[in-house]
Number of protein chains: 2
Amino acid sequence: MSRILTNEIDLETVEKSRINDVDFDNIDFGREFTDHMFSCDFVDGEWQTPKIMPYQALTLDPSARVFHYGQAVFEGMKAFKDDQDEVWLFRPEDNFNRINISAARLAIPEFPKDYFLNGLKTLIQLDKAWVKKGDGNALYIRPFVIATEPAISAAPANEYKFMIICSPVKAYYKGRLSVLFAEKFSRSADGGVGFAKAAGNYAAQFYPTNLANKKGFQQIIWTDANTHEYLEEAGTMNIFFRINNTLVTAPTSDRILDGITRKSVIQLAKDNNIDVEIRRVSVKEIKEAAMDGSLKEIFGSGTAAVISPISAFEHAGDVFEIPDLEDSYSTFFKRKLMDIQYNKSDDQHGWRYKV
Amino acid sequence: MSRILTNEIDLETVEKSRINDVDFDNIDFGREFTDHMFSCDFVDGEWQTPKIMPYQALTLDPSARVFHYGQAVFEGMKAFKDDQDEVWLFRPEDNFNRINISAARLAIPEFPKDYFLNGLKTLIQLDKAWVKKGDGNALYIRPFVIATEPAISAAPANEYKFMIICSPVKAYYKGRLSVLFAEKFSRSADGGVGFAKAAGNYAAQFYPTNLANKKGFQQIIWTDANTHEYLEEAGTMNIFFRINNTLVTAPTSDRILDGITRKSVIQLAKDNNIDVEIRRVSVKEIKEAAMDGSLKEIFGSGTAAVISPISAFEHAGDVFEIPDLEDSYSTFFKRKLMDIQYNKSDDQHGWRYKV
């Protein structure tokens, strides 16, 4: 175990890596973590010197505000290893910007950009052996902030912890998904926190998703809370519809996450002369398009899943199957994205970021 | 330190109480905790033997789902000491029922009633010296449940911790409050989790409340997310309006918490021949009533605050002052409630519960 101060990070490394104990061929998403973690405390009105230390348990008072008032935000990112053993991130500054947007909405102090990028690079370099080569293999990176102050009055905390933990992963979803269009439950309100990666947004979806699972659907596509007539997002994914050869997706709003994979797909569509319409998408339109055959595809986009094709949906008791396409947009965009992420193609927009 | 098994609780007591270190005349809400805490783990599909142990820090993996997905619910209760040194709870079975209603909505397994009531009584008996006599003094009791399973996939956890911690308190709010009627931000959506005491509901209010604080208002009265035309609740309190001599409050819904103090006030009003209307209350109606003088009072009800009179509100730039009344309903209901809580009056509805 060595302890050094580098680039203003207090660095303590493990004596012996746990990597040989891990069966990389059989890992569940998000259950194995690398040797080290990043941690930085907000105390006395400022973020203190960041630390990288052996992955370890946290000690928190039972009154820590995160347990009571859900003051917690997070990000999801991935690192990829190319054939030359170089490791790449994908648009990390967008994740940095978004975690601070989420934080501001939850009255959490913003985190400094150099602490984030420097911490991230140092951590991934240290745990580089955990990033495995090969399509679908990646290091899933989870930055998150929690309110640690021990006080149960319902008010923003004065103390926080910003952490980054890393988990080696393979593909998140397997195969095509069946989804339910929400008719009764809602994910977010106008004027609420739906656009933020706020912890509480996720727990709120578990019960309705459990009900959907029991009916044989893996995910819910949420509709607007007011009318349930417009399709929004899937909670862990933004959603795209292909109608004939046009790609359609809902605009971001204070209810819908500004997905980084979503905006990358939109840019790639433009780059490849695929028409994209960013507009409200009604349940009625999609059901009619499924009936008349103009609905060619539905797919989700997100960091964990990259692109998830959807094979069927249900709404109001009507079930629609979407035939599998030979030349699907979902396959096209997934390939395009992964080629950029794994450094196999040009990167005309500067999305790759070398660690 | 003794360790015994009593009534199926694994009991470990402190060697020496910290009570003499506490300045009971100068305590901030929710920052001091009693000697002991209750803890029960959900593992392998069932709640394990409950424990009461010295108040202490928790050790959790950084990947514990509560930090990432906000799977956490809580309750707020109080214990009161009467002149004969007996300690009383107020409608504790209602808190028990509600924490399980909240839990179900967040896909958290329900907690057994006997574990809850037995644990609560044993814990309070052990820390009875921390319950101080005198109006406004109470032991604030915080049952809560958090998802502890170390896994960052976005799904309900398989492991949880149900805890009860206790904090000696004086009155929560001091004096009459100024409030803002929400025009843009929202607390909850139809089909969402607003009726649950879900951790994430609270963090979502902090940023808008900070903005209100900067304008000189202590709280926000939330309006419906769709139109912002109807007054709902204040986030930590339900809200009552007195128009002439009639008490008006919004009905509970999937957006509004079914407050125990709220329903006690409604019952006490009926008992005392005060007309109560449970119906939608529009911003327009309240502004007009403030202008024509028929709005006599606004007050909040909640466990922490009991009854909080409101002296002024703002909406769309219009500020309305509510003159202080000699014989206010808020004073009347606060006195009635506290007399029952402190065992100074009859308890015709069986709300008191002896510890």
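Reading the values: the criteria
Residues numbered from 1 in each chain as written. Chains lettered and ligands numbered in written order. Predicted model: local features only at pLDDT ≥ 70, side-chain atom pairs only at ≥ 80, totals over all residues. Heavy atoms only, no water. Helix = DSSP H or I, 4+ residues; strand = E, 2+ residues; numbered from the N terminus. Rg over C-alpha atoms; globule rule 2.2 N^0.38 Å. Buried < 20%, exposed > 50% of the residue type's maximum accessible area, 1.4 Å probe, protein only. Contact = heavy atoms within 4.5 Å. Areas by Shrake-Rupley, 256 points an atom, 1.4 Å probe, with all protein chains shown as cover. Lys, Arg positive; Asp, Glu negative; His and termini not counted. Charge placed at Lys NZ, Arg CZ, Asp CG, Glu CD. Phe/Tyr/Trp six-rings, centres within 6.5 Å; stacked < 30°, edge-to-face > 60°. Least-squares fit on C-alpha atoms with pLDDT ≥ 70 in both. Buried area = accessible area lost by both parts, 1.4 Å probe. Salt bridge = Lys/Arg side-chain N within 4 Å of Asp/Glu carboxyl O. Polar contact = N/O pair within 3.5 Å; in protein donor to acceptor, adjacent residues only side chain to side chain. Pairing = 2+ DSSP bridges. Domains from an automatic or database assignment. Expected span 1.5 Å × (residues − 1). Axes fitted to C-alpha atoms, helices over the stretch in contact; angles between N-to-C directions. Parallel < 35°, antiparallel > 145°, perpendicular 65-115°, else oblique. Nonpolar A, V, L, I, M, F, W, Y, C, P; charged D, E, K, R; others polar. Core = buried A, V, L, I, M, F, W, Y, C linked by side-chain atoms within 4.5 Å.

1. A few points about the overall build of chain A
Within chain A, the regular secondary structure consists of seven helices and 20 strands. Against the 2.2 N^0.38 benchmark of 20 Å for 355 residues, chain A shows a C-alpha radius of gyration of 21 Å, consistent with a compact globule. In terms of its C-alpha atoms, chain A occupies a principal-axis envelope of roughly 65 × 50 × 35 Å. The proportion of buried residues among the 355 residues of chain A is 61%. If you take every contact in chain A between residues at least 6 apart in sequence, the share linking residues at least 24 apart comes to 72%. As displayed, chain A has an accessible area near 13800 Å², and 44% of this comes from carbon and sulfur atoms. Each charge class in chain A can be summarised by its mean position, and for the 42 positive and 51 negative side chains these summaries are 2 Å apart.

2. A closer look at the packing of aromatic side chains
Enumeration according to the criterion identifies 55 aromatic pairs over all chains in this entry. Plain terms: the ring middles of Phe 116 of chain A and Phe 162 of chain A are 6.1 Å apart, the flat faces sit at 80 degrees to each other, and that makes the pair edge-to-face. Linking Phe 116 of chain A in helix H3 (residues 113-126) with Phe 162 of chain A in strand S11 (residues 160-169), this pair joins segments that are 46 residues apart in sequence. Here the two residues Phe 116 of chain A and Phe 162 of chain A agree in accessibility, since each one is buried. Ring centres of Phe 90 of chain B and Trp 351 of chain B lie 5.7 Å apart, and the angle between their planes is 75 degrees; this geometry places the pair in the edge-to-face category. Of this pair, Phe 90 of chain B sits in strand S9 (residues 87-90) while Trp 351 of chain B sits in the loop between helix H7 (329-341) and strand S20 (352-354), and the two are 261 residues apart along the sequence. The exposure class assigned to Trp 351 of chain B is buried, which follows from its relative accessible area of 5%.

3. So, the relation of the copies chain A and chain B
Rotating chain A by 180 degrees about the axis while translating it 0.0 Å along that axis superimposes it on chain B, leaving an RMSD of 0.0 Å. Here the two chains are linked by the operation of a two-fold rotation axis. Comparing interface residues between copies, 100% of those in chain A also sit at the interface in chain B, which points to an isologous, same-surface contact.

4. Thoughts on the interface of chain A and chain B
Between chain A and chain B, the contact holds 64 residues from the first and 64 residues from the second. Between chain A and chain B, roughly 4900 Å² of surface is buried when both sides are summed, and carbon and sulfur atoms account for 63% of that area. Joining chain A to chain B, the criterion identifies two salt bridges. One salt bridge in this structure joins Arg 31 of chain A and Glu 149 of chain B, with 3.2 Å as the shortest N-O distance. Joining chain A to chain B, the criterion identifies 20 residue pairs in polar contact (both at pLDDT 80 or more). Of the residues forming the side of chain A that touches chain B, the biggest block, nine residues, is contributed by helix H4 (residues 199-214) of chain A. Direction of pairing for strand S6 (residues 58-60) of chain A relative to strand S6 (residues 58-60) of chain B: antiparallel, over a ladder of three bridges. Note that in S6 of chain B the partner of Leu 58 of chain A across the bridge is Leu 60 of chain B.

5. Looking at the side chain of Asn 201 of chain B
All names here are of chain B. The residue Asn 201 is located in helix H4 (residues 199-214) in this model. Within the structure, the side chain of Asn 201 is placed 2.9 Å from the backbone oxygen of Ala 196, a separation counted as a polar contact. Residue contacts for Asn 201: discarding those within four places in its chain leaves Arg 187, Val 193, Gly 194 and Ala 196.

6. With respect to the pattern of salt bridges
Tallied over the full model, the rule gives 46 salt bridges over all chains. Of the charged contacts, one joins Lys 263 of chain A and Asp 94 of chain A as a salt bridge, the two residues approaching to 3.4 Å between their closest N and O atoms. Highlighted residues: Lys 263 of chain A in helix H5 (residues 260-271) and Asp 94 of chain A in helix H2 (residues 92-105), separated in sequence by 169 residues. Residue classification places Lys 263 of chain A among the partly exposed residues on the basis of a relative accessible area of 27%. In this structure, Glu 233 of chain A and Arg 187 of chain A form a salt bridge, with 3.3 Å as the shortest nitrogen-oxygen distance. Of this pair, Glu 233 of chain A sits in the loop between strand S13 (219-221) and strand S14 (238-243) while Arg 187 of chain A sits in the loop between strand S12 (177-181) and H4, and the two are 46 residues apart along the sequence. Residue class for Arg 187 of chain A comes out buried when judged on its relative accessible area of 8%. Bridged by salt links that share partners, the residues Asp 28 and Arg 31 of chain A together with Arg 65 and Glu 149 of chain B form one connected network.

7. Quick look at the domain arrangement of chain A
All names here are of chain A. Split into domains, chain A comes out as domain 1 (3-169) and domain 2 (177-341). For domain 1 and domain 2, the distance between their C-alpha centroids amounts to 28 Å. Listed as interface residues are 22 residues of domain 1 and, on the opposing side, 23 residues of domain 2. For the pair domain 1 and domain 2, the two sides together bury roughly 1800 Å², of which 64% comes from carbon and sulfur. At the surface where domain 1 touches domain 2, the tally comes to two salt bridges.

8. What to know about helix H3 (residues 113-126) of chain B
The end-to-end C-alpha distance of H3 of chain B is 20 Å, a good match for the 20 Å that 14 residues give at a rise of 1.5 Å each. Along H3 of chain B, the residues classified as buried are Phe 116, Leu 117, Gly 119, Leu 120, Thr 122, Leu 123 and Ile 124 of chain B.

9. Structural notes on the packing of helix H5 (residues 260-271) of chain B against H7 of chain B
Residues and elements named next belong to chain B. Contact geometry for H5 and H7: axes closest at 10 Å, N-to-C directions at 105 degrees. Regarding the angle of H5 to H7, the classification is roughly perpendicular. Note on element contacts: H7 touches H5 through Phe 333, Lys 336, Leu 337 and Ile 340, opposite Thr 261, Ser 264, Val 265, Leu 268 and Ala 269. When the residues that make up the contact of H5 with H7 are grouped by side-chain class, the tally is six nonpolar, two polar and one charged.

10. Here we look at the nonpolar core
Counting 92 residues, the largest nonpolar core has Phe 67, Leu 247 and Phe 333 of chain A together with Phe 67, Leu 247 and Phe 333 of chain B as the members making the most contacts within it. Non-local contacts of Phe 67 of chain B, meaning those with residues more than four positions away in its chain, are made with Leu 58, Leu 60, Val 66, Phe 67, Ala 72, Phe 144, Ile 146 and Ala 199 of chain A together with Leu 60, Asp 61 and Pro 62 of chain B. By size, the runner-up hydrophobic cluster in this structure holds 45 residues, among which are Leu 123, Val 193, Ala 196 and Tyr 353 of chain A.

11. Topic: the side chain of Arg 255 of chain B
Residue and element names in this part refer to chain B. Here Arg 255 is to be found in the loop between strand S15 (246-249) and H5. Residue class for Arg 255 comes out buried when judged on its relative accessible area of 17%. Only 2.4 Å separates the side chain of Arg 255 from the side chain of Asp 190, close enough to count as a polar contact. The contact partners of Arg 255, leaving out residues within four places of it in the chain, are Arg 187, Ser 188, Ala 189, Asp 190, Gly 194, Phe 195, Glu 232 and Glu 233.

12. Focus: unusual backbone geometry
Residues and elements named next belong to chain B. In this structure, Asp 85 is a non-glycine residue whose phi angle is positive, near 70 degrees. With respect to the helices and strands, the residue Asp 85 is situated in the loop between strand S8 (77-81) and S9. Here Asp 85 falls in the partly exposed class, since its relative accessible area comes to 37%. Of note in this structure, Asn 244 is not a glycine but carries a positive phi near 50 degrees. Counting through the fold element by element, Asn 244 comes out in the loop between strand S14 (238-243) and S15. When its relative accessible area of 43% is taken as the criterion, Asn 244 is described as partly exposed.

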